[in-house]
Structures are given as C-alpha cells and as structure tokens.
Amino acid sequence: MKRTGKKIVAFLVCFVLFMGVAVNGYSTYAVAATTKKEVKQSAKNQKKKVLVVYFSRTGTTKTVAKKIKKMTGGTLFRIQTKKKYPSSYDKMLNTAQKEQDEKVRPALKKRVKSMKKYDTILIGYPVWWGDAPMAVYSFLESYDLSGKTIIPFCTSGGTGIGDSVKNIKKVCKGAKVKTGLTANSVSDKRIREWLKKNKVIQ
C-alpha cells in the first residue's frame, strides 16, 4: 500500500507539473498571438488609404500630383474627359468659361475602382476663370464621398485656390474638405509641410 501510495503521489506531482507547463505555454502563446493581432490592427488603423486625383491639360498639375503620390504612397488617378478640350489656349479658355456659365458636367472616360477603400482624396487641377475645371466637379459628384477627407491643390498663373475650395465644399456634402494649396511654384519642402499640416503624412 505504501509503495502504491508513493506511486500515486509521484503521478499526481508529475501531472500537476505537466499541466502547469502546458497551461503556461498556452497562455504565453495566446498573449503573443493577441499582441501580434493588436499590432497589426493598430498599423492598419494608422495607415490611411490615399488617392491622388488630378486633372491636367499641359502637364503642370500632373507633375505636382506625381510628387504628392511619391510623398504619400497613394494611388494616382487621372481625370480625363471623353471630349478633348481645344489645343488653342484661347479657345480652351472660351470653352471653360462657357462650361462654367452653363454649369456643364463633362462626361469622363474612367471611374475609380473601389472608391470606398480610400479615406483621403487629394485632388489637383489648374484654375480656370477663378475656379476648378468643370471636369473636377464631374468627378466629385460621381461618388458618395461622405466621411472622407478631401484636400484640394491647384496650379495657377495668377488666381489662388480659395474660390474653388468653397465650391468643392458645396458639392462634397458629408466630406471634410481641408486646407488647399496653390502648388505650381512652391518647393517640395512646402508640399511636405502642407501634407503634414493636413495629417496625410507624419
């Protein structure tokens, strides 16, 4: 009986030690797995999906948009109208003025795939007659932008971005339209500062 009792005690000790190691090992694994999951989720939350949209006739706005795309790591998208604008600058301005007067929304060639996945949209354009080209409004009115952050930038020979931002706010109901930038003659450093100010990059 004594020998049997010792065997039982020894077995129980071994069993308890084994279970302790097993439970501890499982707990360590569970904590590690949870921590890893939390880190991934945190990184996902912090990394905003950025879309850099631009309308450019001569390439000036395109150049700025490419810089912003590189700085933000965002996706680049070009607004293109189905009907081309006149190659003559004066005729183009006349066409642009007529579109503004009649509030025309030119038909566009392409749409953004999965707009829902983007949190922040930086949209660039030249200023025509004190406002964004009507093609920009065609783009903005083609999607539900509620809850998104819209950040305009423009290139201009004279007029600033102010009036166009006011008009963009009118058509982007439910979105947060932030501080715009007239970017054709500013340095890369100034563009980065603007992006940081608007919390697009750190």
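Structural data are supplied above this passage.
This write-up is about the structure you can find in this document. (Residues numbered from 1 in each chain as written. Predicted model: local features only at pLDDT ≥ 70, side-chain atom pairs only at ≥ 80, totals over all residues. Heavy atoms only, no water.)

1. Side note on the pattern of salt bridges
Turning to step 1, where the next piece is worked out: Tallied over the full model, the rule gives two salt bridges.
Turning to step 2, where the next piece is worked out: One salt bridge connects Asp-188 with Lys-67, and the closest N-O pair in it is separated by 3.0 Å. Taken as a pair, Asp-188 in helix α6 (residues 188–197) and Lys-67 in helix α2 (residues 60–72) lie far apart in primary sequence, 121 residues in all.
Turning to step 3, where the next piece is worked out: Accessibility expressed as a relative area gives 31% for Asp-188, which makes it partly exposed.
Turning to step 4, where the next piece is worked out: Between Arg-105 and Glu-141 there is a salt bridge, with the nearest N and O atoms lying 2.9 Å from each other. Residue Arg-105 is located in the loop between α3 (89–102) and β3 (120–126), and its partner Glu-141 is located in the loop between α4 (134–140) and β4 (149–155); the two are separated by 36 residues in the primary sequence.
Turning to step 5, where the next piece is worked out: Looking at Glu-141, the relative accessible area reads 41%, which means it is partly exposed. (Salt bridge = Lys/Arg side-chain N within 4 Å of Asp/Glu carboxyl O. Helix = DSSP H or I, 4+ residues; strand = E, 2+ residues; numbered from the N terminus. Buried < 20%, exposed > 50% of the residue type's maximum accessible area, 1.4 Å probe, protein only.)

2. Quick notes on the side chain of Thr-61
Turning to step 1, where the next piece is worked out: Along the chain, Thr-61 falls in helix α2.
Turning to step 2, where the next piece is worked out: You can call Thr-61 buried: its relative accessible area is 2%.
Turning to step 3, where the next piece is worked out: Here Thr-155 takes part through its side chain, which lies 2.7 Å from a polar atom of the side chain of Thr-61.
Turning to step 4, where the next piece is worked out: Discounting chain neighbours no more than four positions away, the residues touching Thr-61 are Tyr-54, Phe-55, Ser-56, Gly-124, Tyr-125, Pro-126, Phe-153 and Thr-155. (Polar contact = N/O pair within 3.5 Å; in protein donor to acceptor, adjacent residues only side chain to side chain. Contact = heavy atoms within 4.5 Å.)

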